[in-house]
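A closer look at the structure
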Amino acid sequence: MLFYSFYKTLVGKEITVELKNDLAITGYLQSVDQFLNIKLRDIRVEEEQKYPYMLSVKNCFIRGSVVRYVHLPADDVDVDTLQDHARLEAREQKKAQQQ
């Protein structure tokens, strides 16, 4: 749930999603769900000549299981908060395992 919560804070920001088939799509994050499925608007493809059929697409839905990387704007990433939440989540999982 850590990444889901984090991505929810990036709605409206421009991100680049790299898929497992090497297609990189840049657009504005419209929404994300608990399966990390992503909706982008106003998209553009990084290699237009390699994927000409994507030129007419303006909005897209990306299934979370086909995502390789999500490139985020550095200004919008609060590393300290992410580290704190990751530690808390790890601590809670460790407590749950001990019980």
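Everything in this summary refers to the structure shown in the same document. Worth saying up front: this structure is predicted, and the values here are computed from it rather than measured.

A few words now on the nonpolar core. Grouped together as the largest cluster of nonpolar side chains are 19 residues, with contacts concentrated most on V17, I25, I38, L40 and I62. Within the residue set of this core, elements represented by two or more residues are α1 (2-8), β1 (14-19), β2 (24-32), β3 (38-45) and β4 (59-62). Top contributing element to this core by residue count: β3, with 4 residues. Discounting chain neighbours no more than four positions away, the residues touching I62 are V17, L19, I25, N37, I38, L40 and V67.

Within β1, 5 of the 6 residues are buried, which leaves it mostly tucked inside the rest of the structure. Sheet topology places β1 next to β2; 5 bridges connect them, and they run antiparallel. Paired with T16 across the bridge in β2 is T26. Taking the residues that link successive antiparallel strands as the turn, the β1-β2 hairpin has 4 residues, and the phi of D22 there is positive, at about 75°. Note that β1 and strand β5 (residues 67-71) share 4 bridges and pair antiparallel.

Our focus in this paragraph is the side chain of T26. Counting through the fold element by element, T26 comes out in strand β2. If sequence neighbours within four positions are ignored, T26 has contacts with E14, I15, T16, D42, I43, R44 and E46.

With that settled, consider the pattern of salt bridges. All chains considered together, the criterion is met by 5 salt bridges. For D22, the salt bridge is made with R68, and the minimal N-O distance between the two is 2.7 Å. Of the two residues, D22 is situated in the loop between β1 and β2 and R68 in strand β5; the sequence distance between them amounts to 46 residues. On the basis of relative accessibility, which here comes to 34%, the residue R68 falls in the partly exposed class. We note a salt bridge from D42 to R41, for which the minimum N-O separation is 3.2 Å. Judged by its relative accessible area of 31%, R41 falls in the partly exposed class. Residues participating in the shared-partner salt-bridge network are E18, D22 and R68.

Applying the stated criterion to the full structure yields 2 aromatic pairs. Relative to Y7, the ring of F6 lies with its centre 5.9 Å away and its plane at 45°, an arrangement referred to as tilted.

Once that is clear, we can look at the environment of V77. Tracing the sequence through the fold places V77 in the loop between β5 and α2 (79-98). Separated by 67 residues in sequence, V77 and L10 have C-alpha atoms that sit 8.9 Å apart.

Definitions and cut-offs
Residues numbered from 1 in each chain as written. Predicted model: local features only at pLDDT ≥ 70, side-chain atom pairs only at ≥ 80, totals over all residues. Heavy atoms only, no water. Core = buried A, V, L, I, M, F, W, Y, C linked by side-chain atoms within 4.5 Å. Buried < 20%, exposed > 50% of the residue type's maximum accessible area, 1.4 Å probe, protein only. Helix = DSSP H or I, 4+ residues; strand = E, 2+ residues; numbered from the N terminus. Contact = heavy atoms within 4.5 Å. Pairing = 2+ DSSP bridges. Salt bridge = Lys/Arg side-chain N within 4 Å of Asp/Glu carboxyl O. Phe/Tyr/Trp six-rings, centres within 6.5 Å; stacked < 30°, edge-to-face > 60°.

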